[in-house]
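Overview (structure and organization)
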Amino acid sequence: MKIPPHGRAMETVLADLAAMGQDDLAVKGGALWAYVYDAGRPDLDELARRAHAMYLTPNGLDPTAFPSLLRLETDLAAMAAAHLGGDERVVGNFTSGGTESIILAVKAARDRAMARNPALGRPEMVLPATAHAAFFKAAHYLGLRVVSVPVDELSFKADVAAMARAITPATIMLVGSAVSYAHGVCDPIPELGQLALERDLWLHVDGCIGGFLLPYFRRLGQEATPFDFSVPGVSSISMDWHKYAYCPKGASIICYKNKDLRRHQIFACAQWPGYAVVNNAVQSSKSGGPMAAAWAVLNHIGDDGYLALADQTLRATRRIIEGARAIDGLEILGRPELCLVAIAAPRIDVFEIIDEMKTRGWSLQPQFRFASSPENIHLSVSAASLARVDELLADLADCARLAAEKGPPDWPALARGLAGLDAASLRPQDVAAMLSAAGLGGAGLPRRMAGVNGLLNVMTPALREVLLREYFNELFVQPPQSPGAPS
Ligand SMILES: Cc1ncc(COP(=O)(O)O)c(C=O)c1O
């Protein structure tokens, strides 16, 4: 595509955009069990759209030019602080998502540690092996070393004693999840806080997915591990508005116990001839849209509204856990404390189940085997899921039976085929051959994924990374010109 020589009519352009979305997963209606969090309330879409449009153009680059954005951000931080058991000293900043919040927390911890000890070598971050990949990304971007510590093999919770043993003089921070994405379990944050205090370390609690909803689940009587600022030793918490606060994407917050910690997050640069740069986030110029939409949604739903949505979510989750356990061949990994459920099937190809479910309109996310966690089906349950639980369970039972009839997967054979491959020494042509063998070669996206997922599942994580990186490098290229498309 080229920029058209002459502008095209607004309606034509919008029609093209609408047509492009026709193969996308349906984001409403309860068929999608990852990526998107659906409250099942059409009023929220309407409100978010209007609020977003209202603040589309003001630039968060300079809060003195747009005081409204300063107000929106400090209001959101205050709401987060109160929600997360913080006192009046807690401060926070709005970010584009969980990953950005985590990158900022790691930067703040790193810069604080380096200010306190300029002789510190390469800083280290000790985390449970179930922590989100965003910590690896942060470490990669910021030059830290990740020390990933195996978790308890059955509960998938952080092993605090093992984390304590992994601390070295270069350790600057500990991480715990409330809750983990893969299994929906909460790490023992009070024990991690104690360890952080004893060893004078920063403790970041990743509440990206769980931080907003856990307090509501607790109020509804669900047992919940303490994880917030009331827990001694917690330094910072990330919490995403664009997950279970049902705000549009591009909305998270990073909170710190006090300004002394947050100071190290802020970037200022006066070493150039242009405008003064001072940034609270990774982004510099940023639209006020996501912030205004988040502010509007929070105010519109309100505490009672969120409690009601949480109640729907909790009921849906309990029924799914109970229902999936009753299906022959399926089991739940760990004991989910929130609404993220991992369903394993030790004798069935879970990726076949996912493909079968897709033919019936369901979109479920695969999770690959990792350490003691076998390959499984991930479900992020949301409030809109409640209406579809019975249907989902009936199809899941059917699809598990159909997949079982195909016999158990021959992953050991696949794994033998890959044995001896060293991720570091693969040449681009080897990777291209593997992509094509996996069904990921050529143009377009594969429709049935069981073969691809089966192969990725038996790869070492390092090999998986090489293959996926190469896949994206091939995927994001100029699309072929289709006849009739605007040129
Ligand atoms: C626990 C946890 N942390 C961090 C993230 C990253 O959030 P984002 O995708 O908004 O960058 C996620 C996303 O699901 C998550 O579940």
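The residue numbering used here restarts from 1 in each chain and proceeds along that chain's sequence as written. Residues qualify for local features only when their pLDDT is at least 70, as the model is predicted, and side-chain atom pairs are given and counted only at 80 or more; totals for whole chains, interfaces and linings, by contrast, use all residues. With hydrogens and water excluded, all non-hydrogen atoms of the structure serve as input to the side-chain values.

1. Focus: the sheet that holds strand E10 (residues 331-332)
This is how the line gets drawn: Between any two strands, pairing holds if DSSP finds at least two bridges. What counts as a helix is a DSSP run of H or I of at least four residues, what counts as a strand is a run of E of at least two, and both are numbered from the N terminus.
Taken in spatial order, the four strands make up an open sheet running E10-E11-E13-E12, and their pairing is antiparallel. Two strands close off the open sheet at either side, each with one partner strand: E10 and strand E12 (365-367). Bridge analysis of E12 against strand E13 (residues 376-380) gives three bridges, and the strand direction is antiparallel. Opposite Gln 367, over in E13, you have Asn 376 as the bridge partner.

2. Regarding the domain arrangement of the protein chain
To be explicit about the condition: The start and end points of each domain follow an automatic or database-based domain assignment.
Here the protein chain is partitioned into domain 1 (51-297), domain 2 (307-405) and domain 3 (411-475). Taking the mean C-alpha position of each, domain 1 and domain 3 sit 33 Å from one another.

3. Considerations on the packing of aromatic side chains
Where we set the bar: Centres within 6.5 Å make a pair out of two Phe, Tyr or Trp rings, where for Trp the six-membered ring is used; the pair is then stacked when the planes are under 30 degrees apart, edge-to-face when over 60, and tilted otherwise. Burial classes: relative accessible area under 20% of the type maximum marks a residue as buried, over 50% as exposed, and values in between as partly exposed (1.4 Å probe, protein chains only).
Applying the stated criterion across every chain, the model contains 13 aromatic pairs. Plain terms: the ring middles of Trp 33 and Trp 362 are 6.4 Å apart, the flat faces sit at 55° to each other, and that makes the pair tilted. In this pair, Trp 33 is assigned in the loop between helix H1 (10-20) and helix H2 (42-54) and Trp 362 in the loop between helix H11 (350-359) and E12, connecting sequence segments 329 residues apart. Take Trp 33 and Trp 362: they sit in the same class, and that class is buried.

4. So, the site of the ligand
Selection rule: Throughout, near means a residue has at least one heavy atom within 4 Å of the molecule or strand. Here a polar contact is recorded for every N or O atom pair within 3.5 Å, except that within protein the pair must consist of a potential hydrogen donor and a potential acceptor, and residues adjacent in sequence are included only if both atoms are side-chain atoms. Shrake-Rupley sampling with a 1.4 Å probe provides the accessible areas, and residues are treated as covered by the protein chains on show and by no other component. Lys, Arg, Asp and Glu make up the charged group, whereas Ala, Val, Leu, Ile, Met, Phe, Trp, Tyr, Cys and Pro make up the nonpolar group; the residues left over, Gly among them, are polar.
Near the ligand, the surroundings consist of 13 residues, among which Gly 98, Thr 99, Asp 206, His 242 and Lys 243 are the closest. Residue Thr 99 places a side-chain N or O atom 2.5 Å away from an oxygen atom belonging to the ligand. Take Asp 206: an N or O atom from its side chain is 2.7 Å from a nitrogen atom of the ligand. Against a free-state accessible area of 400 Å², the protein chains account for coverage of 84% of the ligand. By residue number, the principal contributor to the shell around the ligand is helix H4 (residues 98-116), which donates three residues. Along the lines of polarity and charge, the residues of the shell around the ligand split into five nonpolar, five polar and three charged.

5. Observations concerning the environment of Ile 343
Put simply, the rule reads: Every residue pair with non-hydrogen atoms within 4.5 Å of one another is taken to be in contact.
Relative to the helices and strands, Ile 343 is located in strand E11 (residues 340-344). Spatially, the C-alpha atoms of Ile 343 and Leu 379 are 8.1 Å apart, while their sequence positions differ by 36 residues. Once you skip the residues sitting within four places of it in the chain, Ile 343 turns out to touch Ala 324, Leu 330, Glu 331, Ile 332, Val 350, Asn 376, Ile 377, Leu 379 and Leu 396.

6. Considering the pattern of salt bridges
Operational definition: One side-chain nitrogen of Lys or Arg within 4 Å of one carboxyl oxygen of Asp or Glu is enough to make a salt bridge.
One pass over the structure, following the stated rule, counts 27 salt bridges. Among the ionic pairs, Arg 145 bridges to Glu 124, the shortest N-O distance being 3.2 Å. With a gap of 21 residues between them, Arg 145 in strand E3 (residues 145-149) and Glu 124 in strand E2 (residues 124-128) connect regions that are remote in the sequence. On the basis of relative accessibility, which here comes to 39%, the residue Arg 145 falls in the partly exposed class. A relative accessible area of 9% means that Glu 124 is categorised as buried. A salt bridge links Arg 263 to Asp 260, with the shortest nitrogen-to-oxygen separation between them at 3.1 Å. Of the residues examined, Arg 263 reaches a relative accessible area of 51% and is grouped as exposed. Connected through salt bridges with shared partners, the residues Glu 352, Asp 355, Glu 356, Lys 406 and Arg 448 form a single ionic network.

7. Here we look at the packing of helix H3 (residues 67-83) against helix H10 (residues 289-325)
Geometrically, a packed helix pair is captured by the angle between its two axes and the distance between the axes. Applicable threshold: Inter-axis angles, ranging from 0 to 180 degrees, are taken between N-to-C directions of lines fitted to C-alpha atoms, where helices are fitted over the stretch in contact. For classification, angles of less than 35 degrees are called roughly parallel, those exceeding 145 degrees roughly antiparallel, those between 65 and 115 degrees roughly perpendicular, and all remaining angles oblique. Crossing chirality is assigned from the near helix's rotation relative to the far helix, an anticlockwise turn below a right angle marking it left-handed and a clockwise turn marking it right-handed.
Where H3 contacts H10, the axes come no closer than 10 Å and their chain directions differ by 45°. Between H3 and H10, the crossing angle belongs to the class labelled oblique. Two packed elements cross with a definite hand, and for H3 against H10 that hand is left-handed. Judged by residue contacts, Leu 69, Leu 72, Glu 73, Asp 75, Leu 76 and Met 79 of H3 engage Met 291, Ala 292, Ala 294, Trp 295, Leu 298 and Asn 299 from H10.

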